Amino acid sequence: MPLKDTIQQTAKDEVRGVTALSKAAIESGTYLYPFKGILYFVTHRQLWKPLTSRLLPLLTLSVGVVVPMFLFTYIPQSFILTFVNGPLAWISTIALVLSESSTIITALSKAYLVDEALIDTFDLVLLSQNLTSLVKNGRELRGTSGGLGKLLKKPFAKFSPQALVRYFMWLPLNFVPVLGTILFLFVQGRQQGPAFHTRYFQLKSYTQKQRDEFVERNKPKYIAFGTAAMLLQLIPGASILFLYTNTVGAALWAVELERRGVMPEGEDWTRREVGKGGMKEL
């Protein structure tokens, strides 16, 4: 096959693959969980303490990052994007600066401020849904009331240099008008989605292989969840709040998985459970 035809066929295959993946992500409905997390967080006061106890330093961090980012990076990035996006450059630039700010805020807050608070939030949701035995796999509980005790496992990893490198590797997508920014958010959502279930995987005592298989077979669902979660965290001044509510949404998704009894091997894209005993329709 001539090189030209090979390139065209490869491009068509890639487009079909991305289209199928996007369609499956939309059909999965998991993009709703971040919004369910907001409602659940608002209506369950016991979830507020992990956030309110750290509210002042978190707000200070958010303002301290977003304001300088717009003051010092908006104009030069807008100037560069003008050459490729024309009059729509301001849209791509705002999304880009907010994404950069969100990444920095999330990295710093998870590294120094909210690591254990997010674990507490996730576990509190599970406890509120009577999944006490699952939570006991990762922490001690106090008394008969089931209050949070000492952590036995701490799964949330600190922000890694690799994650930062991957983020900046995909930044050039923003040079493509509108569609590039959408694809950039999509890619970031794909990378961040599975991280919201790190605590769940640990409480289930999944091996790394089981985690990878589960995420791979549920890739569209994690893309949908991660993209919606990231979009919320791009809202100026509210990225940390939505980091908490997204954690709540991820926990609610875990509750559904527990109630359906999904095996570590997960599901395939047709919503068939893939377990040790083979497949069965959900």
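Whatever comes next refers back to the structure up there.
Remember, it's a predicted structure, so these values are computed and weren't measured experimentally.

### Section: the packing of aromatic side chains
Scanning the entire structure with this criterion turns up eleven aromatic pairs. One residue, Lys36, lies across the ring of Tyr33, its end atom 4.5 Å from the ring centre.

### Observations regarding the nonpolar core
Counting 45 residues, the largest nonpolar core has Leu126 and Tyr244 as its most contacted members. Take this core: its biggest share by element is eleven residues, from helix H13 (residues 239–260). Discounting residues that sit within four places of it in the chain, Tyr244 has contacts with Pro50, Leu51, Arg54, Leu58, Val114, Ala117, Leu118 and Thr121. Counting residues in each nonpolar core, the second largest holds five residues, with Leu98, Phe184, Leu185 and Met230 among its members.

### Regarding the packing of helix H2 (residues 33–43) against helix H12 (residues 219–233)
Relative to each other, H2 and H12 sit at 55°, their axes nearing to 8 Å. Judged by the angle between their axes, H2 and H12 are oblique. Taken together, the residues of H12 that come into contact with H2 (itself represented by Tyr33, Pro34, Phe35 and Ile38) are Phe225, Ala228, Ala229 and Leu232. Broken down by class, the residue content of the contact of H2 with H12 amounts to eight nonpolar, no polar and no charged.

Rules of the game
- Residues numbered from 1 in each chain as written.
- Predicted model: local features only at pLDDT ≥ 70, side-chain atom pairs only at ≥ 80, totals over all residues.
- Heavy atoms only, no water.
- Phe/Tyr/Trp six-rings, centres within 6.5 Å; stacked < 30°, edge-to-face > 60°.
- Lys NZ or Arg CZ within 6 Å of the ring centre and 35° of its normal.
- Core = buried A, V, L, I, M, F, W, Y, C linked by side-chain atoms within 4.5 Å.
- Buried < 20%, exposed > 50% of the residue type's maximum accessible area, 1.4 Å probe, protein only.
- Helix = DSSP H or I, 4+ residues; strand = E, 2+ residues; numbered from the N terminus.
- Contact = heavy atoms within 4.5 Å.
- Axes fitted to C-alpha atoms, helices over the stretch in contact; angles between N-to-C directions.
- Parallel < 35°, antiparallel > 145°, perpendicular 65-115°, else oblique.
- Nonpolar A, V, L, I, M, F, W, Y, C, P; charged D, E, K, R; others polar.

Any functional reading would require information that these geometric values do not contain.
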